[in-house]
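# Breakdown of the fold
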Amino acid sequence: MTADLSLIRSSFTAVQPHGTQVTEYFYEHLFANNPQVRPLFATHLDEQRDRLWAALGALVSNLENTETLTSMLQNLGRRHAGYGALAEHYPAVGASLIATLQHYAGDAWTPAVEESWTAVYGVISSTMVAAGDSVSS
Ligand code: HEM
């Protein structure tokens, strides 16, 4: 992974004070740019917002524990196959995630931070997609 994990942690920490606004922004960005994924989600998103952010926090805390990280991502990927998440949706979610972090990280956002998140999201999505494929095939 060509990512500076300390930059991942510091930028993630920098957005935390913005609270629920962060996930609201994420879903607005995702659905505005990809209306086709809206029907996959429950109409009422409150709980879902918290779970996504909590999962992201758990992933960020385990970036160096490769085995734990991989098994978390495989479980998440298998469950996502059941939600109808397709491989083609992952780049869209990644773009909205990065746009959201960028929006709230302020001065903590730099090209190196963006590069690190892009690399980390690449690992997250490829592991989730591979696990999801193993369920559906
Ligand atoms: C960084 C990648 C992602 C993370 C960390 C993440 C996290 C989560 C979490 C924690 C849940 C709650 C249920 C559970 O734990 O199984 C969830 C549900 C869900 N996710 Fe994701 N997700 C990611 C990517 C995606 C992608 C690419 C899609 C595709 C559109 C997606 C669609 C959904 C849907 C449809 C649900 C169920 C929502 C509902 O019940 O209303 N997620 N996600």
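No experiment lies behind these values; they were computed from the predicted model shown.

### Points about the nonpolar core
In this structure, Trp53, Leu101 and Trp117 are the most contacted members of the largest nonpolar core, which totals 36 residues. Mapped by element, the contributors of at least two residues to this core are helix H1 (5-15), helix H2 (20-33), helix H3 (46-61), helix H4 (66-82), helix H5 (89-105) and helix H6 (111-136). Among the elements that take part in this core, H6 stands out by supplying 8 residues, more than any other.

### Quick word on the coordination of the iron atom of the ligand
What the protein offers the iron atom of the ligand as a donor is a single atom, His80 (NE2), at 2.0 Å. By secondary structure assignment, the location of histidine 80 is in helix H4.

### Side note on the packing of H2 against H3
Remark: H2 packs on H3, axes separated minimally by 10 Å, with the N-to-C direction vectors making an angle of 100°. It follows that H2 is roughly perpendicular to H3 by the angle criterion. Across from Val22, Thr23, Glu24, Phe26 and Tyr27 in H2, the residues of H3 making contact are Gln48, Arg49, Leu52 and Trp53. Taken together, the residues that form the contact of H2 with H3 break down as 5 nonpolar, 2 polar and 2 charged.

### Considering the confidence of the model for the protein chain
Put simply, the protein chain has an average pLDDT of 93, and 98% of its residues get 70 or more. When pLDDT is averaged over each helix and strand of the protein chain, the minimum, 87, is found for H3 and the maximum, 97, for H5.

### Observations concerning the layout of surface pockets
Estimates place the volume of the largest pocket at around 760 Å³. Along its surface, the largest pocket is lined by 26 residues, and Phe41, Gln48, Leu52, His80 and Tyr83 are the ones closest to its centre. Taken together, the elements giving at least two residues each to the lining of the largest pocket come down to H2, H3, H4, H5 and H6. Across the lining of the largest pocket, the residue classes tally to 21 nonpolar, 3 polar and 2 charged.

### Things to note about the packing of H1 against H3
H3 packs onto H1 with a crossing angle of 150° between their chain directions and a minimal axis gap of 11 Å. It follows from the interaxial angle that H1 and H3 lie roughly antiparallel. Of the two possible hands of crossing, H1 and H3 adopt the one that is left-handed. Between H1 and H3, the contacting residues are Ile8, Arg9, Phe12 and Val15 on the first element and Trp53, Leu56, Gly57 and Val60 on the second. Of the residues assigned to the contact of H1 with H3, the class counts are 6 nonpolar, 1 polar and 1 charged.

Rules and cut-offs
Residues numbered from 1 in each chain as written. Predicted model: local features only at pLDDT ≥ 70, side-chain atom pairs only at ≥ 80, totals over all residues. Heavy atoms only, no water. Core = buried A, V, L, I, M, F, W, Y, C linked by side-chain atoms within 4.5 Å. Buried < 20%, exposed > 50% of the residue type's maximum accessible area, 1.4 Å probe, protein only. Helix = DSSP H or I, 4+ residues; strand = E, 2+ residues; numbered from the N terminus. Donors = N, O, S within 2.8 Å, 3.2 Å for Na, K, Ca; no water. Axes fitted to C-alpha atoms, helices over the stretch in contact; angles between N-to-C directions. Parallel < 35°, antiparallel > 145°, perpendicular 65-115°, else oblique. Contact = heavy atoms within 4.5 Å. Nonpolar A, V, L, I, M, F, W, Y, C, P; charged D, E, K, R; others polar. pLDDT = per-residue confidence, 0-100. 1 Å grid on protein atoms, 1.4 Å probe; cavity = no way out; pocket = protein on both sides within 12 Å on 5 of 7 lines; lining within 4 Å. Points joined across faces, edges and corners; volume = space filled by probe spheres on them. Left-handed = near helix turned anticlockwise from the far one by under 90°.

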